[in-house]
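Structural characterization, general
Chain residues, written in single-letter form:
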Amino acid sequence: MIYFDKVTKTYLDNLKALDEVTLSIEPKEMVTIVGHSGAGKSTLIKMLLAEDEPTTGSVYFESVDIHSLKRSLLTQYRRRIGIIFQDFRLLPHKTAYENVAFAMEAAGRSDEEIESDVPYALELVDLREKIWNFPSELSGGERQRVAIARAIVNQPDVLVADEPTGNLDPMNTYDVVQILKKIHDLGTTVILTTHNKGVVDSIDKRVVTMEKGKIIKDVKHGKLTL
Amino acid sequence: MMTSMKRILRAGFLAFWRNSVVSVASVFVMTVTLSVIGSIIFTQVTLQTTLAQISDKVDVNVYFVTTAREEDILAVKTALEGLPEVAATEYVTKDKVYQDFRTRHENDSLTLQALDELEENPLGAILNVRAKETSQYASIAQFLETSDLLKKNETPIIDKVNYQQNRAAIDKLAAIIASSEKIGLFVTAILVVMSILITFNTIRLAIFTSKDEITVMRLVGASSAFSRGPFIVQGIMAGLSSAVIALAIFYPLTYWLAPFTTDFFSGLNLFSYYVDNFPQFFLMIMGSGIALGSISSVLAVRKYLKV
């Protein structure tokens, strides 16, 4: 489904954020990418979202090189990917409901679909009571749950979570991990980056370990042994 | 398409309302810009009116000899009116000239007595000639000096043309008018460009604070148009609000200035001018506001849409 083919990303200072990374992810798989800060996890996610271009190599989604897509097709592609960020990245002047609805509006969904699916998505992340709150009126855990609702509301093929628990306390971390596992159980491919050992251990799925821009370990069912 | 438009409009309106601090700052700067543009229009009108009034006071008088026949004078008048430089001519008969002279000297009994002792009217007819532009009097004067119409049987029918004696004053005035127009246009262009740049930078700064927001919009699958749309709506709303405020400010301002401009600029009532030309002002200020807001937003957002 997703294939990184010898992807290298070199920045202006000749620092290699990714060094000939080759990685294959199958449909409905849950992959946890681990590594210290600067290992290349976030750069890998940026490549997958086509937020940044590889210096060499290609990233394929269903055999299509995503970096060769035209702008309109890239937009279509991104609608098939749900994204969750460490810093939530909610739209600050929109309520929880409007943030989730935005992803559906952007995908061209009808008003009827939005009115039925947004409350449902927010209910899935246990935020039904706060749908009219603005991000500034929510706690970190609640914001991340809104971000998860936004990411899943279009029923994406792949859910990408870049350090989703990085800014959360243990209780909220546990909640978020349980939600991600639930989403995976429902048949969505989930790619998660983290450096939290507890998160990796509790997921107990495929673990890809990165260091200095390279993949140094790839185990099917793993515990974190950095 | 309609649904997208509706969503973009709603998102832009809500963002304008909710992001009130940035919106107020944009509206304030744009109000200043539109006020400057409006003030420039008033200044141009004042300048043009003043220059037109000064130009109207300049003319060339052709003094005919007393023996010149009326049909010859009228032939000269017709010939002058055929010149592209001539705006208007006025024929003053020798009787009228005589009457005007008497009226002008009604308190000068000595002059009137001398006039009465003459058996004939010693004053010839006059042709007042006004050019379209002050700078065109020279070519009219040249025509008068060389035209065959001005001689009958080799006897000149013109006594004198007062262009040469007024030439220095007319040339100086023409130069002042031309310079004033050029300087006015230059200052206007500078002020308009400065105002537009200030507005553009304010909106760019406002959108810079939302650059992460634009990135997120793109990453969750929003098209460029869908991401850009709400910011353009916000820009247009800032432009509309600023235009309404600027137009509202001009009402009391011109009312207050009217007595001064009427006295100082020979009857130019700025308030009446504003009220009489309000539709044009409305379109110009509103149009400028909308154009400034939308174009600045499009240019400012473009940079962040490359994700």
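Residues numbered from 1 in each chain as written. Chains lettered and ligands numbered in written order. Predicted model: local features only at pLDDT ≥ 70, side-chain atom pairs only at ≥ 80, totals over all residues. Heavy atoms only, no water.

1. Here we look at the overall build of chain A
Note the cut-off: What counts as a helix is a DSSP run of H or I of at least four residues, what counts as a strand is a run of E of at least two, and both are numbered from the N terminus. Each radius of gyration reported is based on C-alpha atoms, and the globular scaling rule is 2.2 Å times the count of residues to the power 0.38. Only protein chains enter the accessibility calculation, which uses a 1.4 Å probe; a residue whose area is less than 20% of its type maximum is buried, one above 50% is exposed, and one in between is partly exposed. Residues count as neighbours in contact if any of their non-hydrogen atoms are within 4.5 Å of one another. Areas reported as accessible are Shrake-Rupley estimates using a 1.4 Å probe. Residue values count occlusion only from the protein chains shown.
Of the regular secondary structure elements, chain A holds seven helices and 10 strands. In terms of C-alpha radius of gyration, chain A reaches 17 Å, essentially the compact-globule figure of 17 Å for 226 residues. Along the three orthogonal principal directions, the C-alpha set of chain A runs to about 45 × 40 × 35 Å. When the 226 residues of chain A are sorted by exposure, 53% land in the buried category. Within chain A, contacts between residues at least 6 apart in sequence are counted, and of these 66% link residues at least 24 apart. Surface summary for chain A: the accessible area is close to 10,200 Å², and the carbon and sulfur share equals 49%.

2. Describing the interface of chain A and chain B
Which entries qualify depends on this criterion: Two parts placed together each lose some accessible area; with a 1.4 Å probe, that loss summed over both constitutes the buried area. One side-chain nitrogen of Lys or Arg within 4 Å of one carboxyl oxygen of Asp or Glu is enough to make a salt bridge. Whenever a nitrogen or oxygen atom comes within 3.5 Å of another N or O atom, the pair is scored as a polar contact, on the condition that within protein one atom can donate a hydrogen and the other can accept it, and that pairs from neighbouring residues in sequence are kept only if both atoms are in side chains. Polar here means any residue other than Ala, Val, Leu, Ile, Met, Phe, Trp, Tyr, Cys and Pro, which are nonpolar, and Asp, Glu, Lys and Arg, which are charged; Gly is therefore polar.
The interface of chain A with chain B comprises 25 residues on the first partner and 23 residues on the second. Across the interface of chain A and chain B, roughly 2,200 Å² is buried in total on both sides, 56% from carbon and sulfur atoms. When the area that chain A buries against chain B is broken down by residue, the three leading residues are Arg71(A), Arg78(A) and His93(A), summing to 28%. Linking chain A with chain B are four salt bridges, by the criterion used here. For Arg10(B), the salt bridge identified is with Glu105(A), shortest N-O distance 2.6 Å. Applying the counting rule to chain A against chain B returns nine residue pairs in polar contact (both at pLDDT 80 or more). Those elements that place two or more of their residues in the side of chain A that touches chain B are helix 2 (71-78), helix 3 (96-106) and helix 4 (111-124) of chain A. When grouped by side-chain class, the residues that make up the side of chain A that touches chain B number nine nonpolar, five polar and 11 charged.

3. Remarks on the packing of helix 4 (residues 94-104) of chain B against helix 5 (residues 109-117) of chain B
When two helices pack together, their arrangement is given by the angle between their axes and by how far apart the axes lie. All names here are of chain B. Which entries qualify depends on this criterion: A fitted line through C-alpha atoms represents every axis, and for helices the fit uses only the stretch in contact; the resulting angles, taken between N-to-C directions, go from 0 to 180 degrees. For classification purposes, an angle smaller than 35 degrees is called roughly parallel, one larger than 145 roughly antiparallel, one from 65 to 115 roughly perpendicular, and anything else oblique.
Where helix 4 meets helix 5, the axes come as close as 9 Å, and the angle between the chain directions of the two elements is 150°. In terms of orientation, helix 4 lies roughly antiparallel with respect to helix 5. Of the residues in helix 5, those touching helix 4 at Tyr98, Phe101 and Arg102 are Thr111, Leu112, Leu115 and Asp116. Along the lines of polarity and charge, the residues of the contact of helix 4 with helix 5 split into four nonpolar, one polar and two charged.

4. Focus on the domain arrangement of chain B
Where interface size is quoted, it is often the accessible area lost as the parts come together. So the rule is basically this: Each domain's extent is set by a domain assignment, obtained either automatically or from a database.
What the domain assignment reports for chain B is domain 1 (2-54 + 174-306) and domain 2 (66-156). Between the C-alpha centres of domain 1 of chain B and domain 2 of chain B there is a distance of 53 Å.

5. Notes on unusual backbone geometry
Residues and elements named next belong to chain A. Even without being a glycine, aspartate 126 presents a positive backbone phi close to 65°. Along the chain, aspartate 126 falls in the loop between helix 4 and helix 5 (140-152). On the basis of relative accessibility, which here comes to 60%, the residue aspartate 126 falls in the exposed class.

6. Digging into the sheet that holds strand 3 (residues 30-34) of chain A
All names here are of chain A. Note the cut-off: Two strands are counted as paired when DSSP detects at least two bridges linking them.
On the basis of which strands lie adjacent, the open sheet formed by six strands has the order 6-7-8-3-9-10 and mixed pairing. The open sheet terminates on both sides in strands that have one partner only, identified here as strand 6 (81-84) and strand 10 (214-219). Within this sheet the neighbouring strands show an average axis-to-axis angle of 15°, counted without direction.

7. Examining the pattern of salt bridges
Residues and elements named next belong to chain A. Counting across every chain of the model gives 22 salt bridges over all chains. Among the salt bridges present, the one from glutamate 29 reaches arginine 206, with a minimum N-O distance of 3.0 Å. With glutamate 29 in the loop between strand 2 (16-25) and strand 3 and arginine 206 in strand 9 (residues 206-211), the pair connects residues that are 177 residues apart, well separated along the chain. Neither glutamate 29 nor arginine 206 differs from the other in exposure class; each is buried. Salt bridges here are not isolated pairs; linked through shared partners, they connect Glu29, Arg206, Asp218 and Lys220.

8. Concerning the side chain of Thr173(A)
Summarising the element assignment, Thr173(A) is placed in helix 6 (residues 170-185). Once residues within four sequence positions are removed from consideration, Thr173(A) is found in contact with Thr165(A), Leu168(A), Asn196(A) and Val199(A).

9. Here we look at the packing of aromatic side chains
The condition is simple: Centres within 6.5 Å are what make two rings of Phe, Tyr or Trp a pair, Trp counting through its six-membered ring; a difference in plane orientation under 30 degrees is then read as stacked, over 60 as edge-to-face, and the rest as tilted. Our definition puts a charge over a ring when NZ of Lys or CZ of Arg is within 6 Å of the ring centre and also within 35 degrees of the ring normal.
One pass over the full model with this rule turns up 15 aromatic pairs over all chains. A centroid spacing of 5.2 Å and a plane angle of 75° characterise the contact between Tyr274(B) and Phe281(B), whose relative ring orientation is edge-to-face. Taking relative accessible area as the criterion, Phe281(B) reaches 3% and is therefore assigned buried. When the centroid spacing of 6.0 Å and the interplanar angle of 45° are considered together, the rings of Phe278(B) and Phe282(B) count as tilted. Of this pair, Phe278(B) and Phe282(B) both sit in helix 11 (residues 278-302), separated by four residues, roughly a single helical turn. Following the ring pairs from residue to residue traces out a cluster consisting of Phe42(B), Phe250(B), Tyr273(B), Tyr274(B), Phe278(B), Phe281(B) and Phe282(B). One residue, Arg89(A), lies across the ring of Phe85(A), its end atom 4.2 Å from the ring centre. Cation over ring: Lys160(B) sits above Tyr63(B), and NZ or CZ is 5.1 Å from the ring centre.

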